[in-house]
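Chain by chain, the residues run as shown.
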There are 2 protein chains.
Amino acid sequence: MTAPSLDALRNVATAIRLDSIRSTSEAGSGHPTSCLSAADIMATLFFAEMRFDPRNPQNPEADRFVLSKGHAAPVLYAAWAEAGAFDRAELMKLRAIDSDLEGHPTPRLPFVDVATGSLGQGICASVGCALNARRIGSDYRTYVLLGDGESAEGSVWEAAEVAAHYRLDNLCGITDVNRLGQSRETQLGHGVEAYATRWRAFGWHAIVVDGHDLEALLRAYAEARRTKDRPTMIVAKTLKGKGVSVIEDKDGWHGKALKKGEELDRAVAELERQIAPGVPTPTIPKPTASDRSTPRFETSSLPPPAYKRGDSVATREAYGTALAALGADPRVVALDADVKNSTFSERFEKAHPERFYQTFTAEQIMVGAAMGLAARGAIPFPSTFACFLSRAADFIRMLGISNLNVKLAGSHAGVSIGEDGPSQMALEDLAMMRAVPNCTVLYPCDGTSAERLVTLAAYHSGPVYIRTSRPKTPVIYDASERFHVGGSKTLRSSREDVATVVAAGITVFEALKACDELTREGVSIRVIDAYSVQPIDASTLLASARETNRTVVTVEDHYIHGGLGDAVSEAVAPDGISVHRLAVLEIPRSGTPEELVDRFGISARAIVAAVRRVTATAGTRS
Amino acid sequence: MTAPSLDALRNVATAIRLDSIRSTSEAGSGHPTSCLSAADIMATLFFAEMRFDPRNPQNPEADRFVLSKGHAAPVLYAAWAEAGAFDRAELMKLRAIDSDLEGHPTPRLPFVDVATGSLGQGICASVGCALNARRIGSDYRTYVLLGDGESAEGSVWEAAEVAAHYRLDNLCGITDVNRLGQSRETQLGHGVEAYATRWRAFGWHAIVVDGHDLEALLRAYAEARRTKDRPTMIVAKTLKGKGVSVIEDKDGWHGKALKKGEELDRAVAELERQIAPGVPTPTIPKPTASDRSTPRFETSSLPPPAYKRGDSVATREAYGTALAALGADPRVVALDADVKNSTFSERFEKAHPERFYQTFTAEQIMVGAAMGLAARGAIPFPSTFACFLSRAADFIRMLGISNLNVKLAGSHAGVSIGEDGPSQMALEDLAMMRAVPNCTVLYPCDGTSAERLVTLAAYHSGPVYIRTSRPKTPVIYDASERFHVGGSKTLRSSREDVATVVAAGITVFEALKACDELTREGVSIRVIDAYSVQPIDASTLLASARETNRTVVTVEDHYIHGGLGDAVSEAVAPDGISVHRLAVLEIPRSGTPEELVDRFGISARAIVAAVRRVTATAGTRS
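Nothing here was measured: the structure is a model prediction, and the numbers come from that model.

Colleague: How do you make sense of the interface of chain B and chain A when you look at a structure like this?
Modeller: Much of the literature gives interface size as the accessible area that the parts lose upon coming together. In this complex, chain B contributes 104 residues to the contact, which on the side of chain A involves 104 residues. Both sides of the chain B and chain A interface together cover about 8,600 Å² of buried area, and 48% of this is carbon and sulfur. The interface formed by chain B and chain A contains 12 salt bridges. Between Arg198(A) and Glu161(B) there is a salt bridge, with the nearest N and O atoms lying 3.0 Å from each other. At the surface where chain B touches chain A, the tally comes to 72 residue pairs in polar contact (both at pLDDT 80 or more).

Colleague: For this particular structure, what's the right way to read the environment of Thr473(B)?
Modeller: Residues and elements named next belong to chain B. Among the secondary structure elements, Thr473 is positioned in strand E13 (residues 472–474). Of the residues examined, Thr473 reaches a relative accessible area of 6% and is grouped as buried. C-alpha of Thr473 to C-alpha of Thr315: the two residues are 158 residues apart in sequence and 7.5 Å apart in space. Excluding anything up to four places from it in sequence, Thr473 contacts Asp311, Ser312, Val313, Ala314, Thr315, Cys445, Asp446, Ile506 and Phe509.

Colleague: How do you make sense of the environment of Lys350(B) when you look at a structure like this?
Modeller: Locating Lys350(B) in the fold gives a position in helix H12 (residues 346–351). Residues Lys350(B) and His254(B), spaced 96 residues apart in sequence, show a C-alpha to C-alpha distance of 49 Å.

Colleague: Where do I start with the relation of the copies chain B and chain A in this structure?
Modeller: The operation linking the two copies of the chain is a rotation about an axis combined with a translation along the axis. Mapping chain B onto chain A is achieved by rotating through 180° and translating by 0.0 Å along the same axis, at an RMSD of 0.0 Å. In symmetry terms, the pair is related by a two-fold rotation axis. Taken together, the interface assignments show that 100% of the residues at the interface of chain B recur at the interface of chain A, consistent with an identical surface on both copies.

Colleague: Would you take a moment to explain the packing of aromatic side chains for this structure?
Modeller: Aromatic rings considered in pairs are described by the distance between their centres and by the relative angle of their planes. Tallied over the full model, the rule gives 33 aromatic pairs over all chains. The structure contains a cluster of three or more aromatic residues connected by ring pairs, namely Trp157(A), Trp199(A), Phe202(A), Trp204(A), Trp157(B), Trp199(B), Phe202(B) and Trp204(B). One Lys or Arg, Arg198(A), reaches over the ring of Phe202(B) and ends 4.0 Å from the middle of that ring. The ring of Tyr443(B) has Arg467(B) lying over it, and the distance from NZ or CZ to the ring centre is 4.9 Å.

Colleague: Quick question: what am I supposed to make of the packing of helix H6 (residues 154–165) of chain B against helix H13 (residues 363–375) of chain B here?
Modeller: Packed helix pairs are specified by the crossing angle of their axes together with the interaxial distance, meaning the distance between the axes. Residue and element names in this part refer to chain B. As a packed pair, H6 and H13 sit with axes 8 Å apart at the nearest point and diverge in direction by 70°. The angle between H6 and H13 falls in the class roughly perpendicular. Every residue of H13 that contacts H6 at Ser155, Glu158, Ala159 and Val162 is listed here: Glu363, Gln364 and Ile365. For the contact of H6 with H13, the residue count by class is 3 nonpolar, 2 polar and 2 charged.

Cut-offs and rules
- As a convention, each chain's residues are numbered from 1 in the sequence order in which they are written.
- Chains carry letters from A onward and ligands carry numbers from 1 onward, assigned in written order.
- Given that this is a predicted model, residues contribute local features only at a pLDDT of at least 70 and side-chain atom pairs are listed and counted only at 80 or more, while totals for whole chains, interfaces and linings are drawn from all residues.
- The basis for every side-chain value is the complete set of non-hydrogen atoms in the structure, without hydrogens or water.
- Residue contacts are counted whenever heavy atoms from the two residues lie within 4.5 Å of one another.
- Buried area is calculated as the accessible area (1.4 Å probe) missing from two parts once they are joined, with the contributions of both summed.
- Any Lys or Arg side-chain nitrogen found within 4 Å of a carboxyl oxygen on Asp or Glu counts as a salt bridge.
- Think of a polar contact as two N or O atoms within 3.5 Å of one another; within protein, one of them needs to be a possible hydrogen donor and the other a possible acceptor, and neighboring residues in sequence only count if both atoms come from side chains.
- Where helices and strands are cited, they refer to DSSP runs of H or I of at least four residues and of E of at least two residues respectively, numbered from the N terminus.
- Only protein chains enter the area calculation, which uses a 1.4 Å probe; residues under 20% of their type maximum are buried, those over 50% are exposed, and those in between are partly exposed.
- The copies were overlaid by least squares, fitting only the C-alpha atoms of residues that reach a pLDDT of 70 or more in each copy.
- Note on aromatic contacts: the rings of Phe and Tyr and the six-membered ring of Trp form a pair at centre separations within 6.5 Å, being stacked when their planes are under 30 degrees apart, edge-to-face when over 60 apart, and tilted otherwise.
- In this scheme, Lys NZ or Arg CZ marks a charge over a ring once it lies within 6 Å of the ring centre and within 35 degrees of the ring normal.
- To define axes, lines are fitted to C-alpha atoms, for helices over the stretch in contact only, and angles between the resulting N-to-C directions are given on a 0 to 180 degree scale.
- Roughly parallel means an angle under 35 degrees; roughly antiparallel, over 145; roughly perpendicular, 65 to 115; everything else is oblique.
- We call Asp, Glu, Lys and Arg charged. Ala, Val, Leu, Ile, Met, Phe, Trp, Tyr, Cys and Pro are nonpolar, and the rest, Gly among them, are polar.

What follows is the structure, given as structure tokens:
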């Protein structure tokens, strides 16, 4: 195969510029100027550097391309259309409700691995794609295009650190330094050397080029391919709006489409004049042939939980044990942000060091890399203290949009961690995770359920969150007990139950204690372990509420909003069931776990008081 | 005043080492080794460099100290006790429920500006403290102590960028490079030059020192004070556990207290031998005398909203107008992450450029700097697209713990933004903000209420979130209309109402349309604008529900969990009211605002259908 001529590549660049301005003008919105600065980079990457099959973008050996500056979506769509992935006529449906060519790329499109559009995330995912090539032993390379404004996002430097740490020489970034941000000049303007200095300081090979010089771009890609033991960042000096003189390098043109009619027509004419006639379209190099098959794994081969009723184990520890066992499946990987000895993910590292990734104290890249790994077929478990997952909340939001198979694990939930104080307590994590509509939320109370739910999480399609606790809790389930997404366990039940108490995690034991105390007074309550917080077991809850005086008390080691109380309310509130929430109502403080659980109103004592109060008033209600 | 002798400083360092190990051993938990590496830095800073009054730490001219590595709290407490801020005997109550000396520092203590303990946040707050010195024209300096592991957090590099951009030569960081993280060696180990290279690449002056060489530290502080036009980072090579041989520079000693008894006694004896006898305690330099008074500002001096009923304006635009007017109060500042032309905060910049801070595309530093500014008396309004505030979710969590006066503003909420697609739509922001128990959440539907709520937010104590929308909406409130935190507006009401529809923001207009349509069919509904989502107007909602068939329908441009539906459920669910939620149930996509509002089930059509459905079944309910 001969290398494409520069004229041919230049024609491709012009063609995708034309498509970018036409499609955004047709849509009446979008970011044509951000596309035009990147068109030469895209043309050279797609038609002279990357090995891929436009008709099978998910070929496991194909080079990956991640558009981290997601607002340049039209240039991405134009490049894939030009490559033959779909009919170019589709481009004119950009941003329409019946088209998958959305305002920013999502994996609804077969050639998009992760949704982008929140800056600084694509590069994190690309680190995951590059790590995955090692996992599966493929020679595919990962390319990622960033904006210059985007480089202000801290997550970019988290990615830089981790990519350098893992010496990812199969990763090549290109920063499109077009000088202009959304509302003003970027922090470094056209200071390409300053960008290069930063990347070098973070351990990358950096190359400064003119981003409109096709030969220079091709040389830079080749240099990146030759560079060993470190990733490469190509810092490309470009002009926003390049090729259309009325908008080129001009302020005030971010995120604006050219008006259809004269404004667009003139721009089209100007670009069309740049096309060299009679030049053949370049041929795209194919990826290495692949005969990979999806690895098979039978969960029945996993050892059952080894706990006996009455044993005492922290759910976070059971998580680590289960995760290490799951490592028997080569798709399972674990990521840690320097707390592996607290989350017990170190057990996975010990068993499978080659599939354990350390991101140091950096949670955005931990979740972002997991997104890239999941997009390429891995089943990643990033784990840290649950409160620090909020550091990656925007990544989790985007993970939901991508519907990726990431299994987030947060330990040390709630006030029951004790003395470390509120900064280490996750009390809003259920709200964060439940707000992601396709995220499954599991919350085990004992070692057996923890192990079972970790396995469930691994093979349940889509994002899953597993919430674990710091303190040891008694084992209450036999190894033979079955759990499922959307399930619950009714732990205490009689015909005389005056109320249903719904608990999860450590509050299950408070509810059981409350039940025992009330039983001594001759009062029966139903106790439900809602281990599947999302989806919640609505039918069981509703049936139980109807059998127990239409009265439900929820109790959770979480703030009052967005958590278990919300889940239960949503399930039963349409039916006019009374739901009374016990939850943490204010910012907590340091203290022993027992003191805090009681002080913040989620102890057995609080449950007993609540049951007495609500059953006393239930009779008087209209 | 003469400079303290090195022996005197060394004795202080030893004293605070002793207090650090004694207090953590007494508590039975904590991070003594992380304190010991920093003790010489703390002793020299507190007793030879910083100007402050231990008895009045909030003196507006006093130098600030932020412990970004918050887990070293005991060394902070020891330094303040040694300085005379409180009785040293209190130190032995570390981490107890009846002490404010918590596991990680919070502003319950008068000498703590912002809560730390989530790494990479303190340096962001310190940027805000340094910006505030400029705002008030004070010569106070801000010092911030970071951990080396902490430097992996991307937010650190966001802070680096912004501090360099604003040439904050009144800011001095010290990185305690003790080599060991929580679970393993840090990313760069003792590579102090590598850290210095990074800080220089980000535009800082960097000085590498031996962090146990008191003279070198003092020289470095002096060099930082002399350095103009850029902040300084002192990269201090230290040993974790320094001074106690059994734990010094040893793996496996992160976050572990020495055991009381022989283990502690030996360590104490070893440190006590390091005390030079007969050396006077150093005197702390006092800050510049201050005669500052809190500026007075009368909100009655603000212009009333200038809209007439029937005008059309986007609430985000009204936000910008109100914010610019509020700038008449010198405490009000605005921060932007390069979207000022979308959030309309550019109107504030135009009116008050000296109090407008640009953090570029970096939301963590935007919120973090706002925390520092608020801690020093400013009333900061950081604004961006609401979805990108989730980038700073962990900062918002900590902001709640600090109970700071930060007024977060998120624009472009919900599917009603249209074509840009899901990555730009905030659909979980209400869940995030409501989960912060002391955060007020305001959500205006029209220009008048937007302006009024912005002013309410400014002078309401504590964190506030203002949610605004992209589309223009009709003005429905007169300029004379009154709004208050915890209030609501009943827009349609009759004795025949069959249900209460609770809406907010853009869905208010859908509810009004639905009401009109149902009225034509002879069906009356009550319509409530719940502009105060947190606290919600529980008494009005409950009274209304009781008057309307005990049936409530909520409708919101947000996912179903954690938002308006949750707020209303919590308010009325104890009373057994039926609550039916209309909200976005799945990941949305691009399309026109009208198409999306309808497709995702929150349009007038959906409300009409829901009212018909729930009133049809209400009669059949038991």
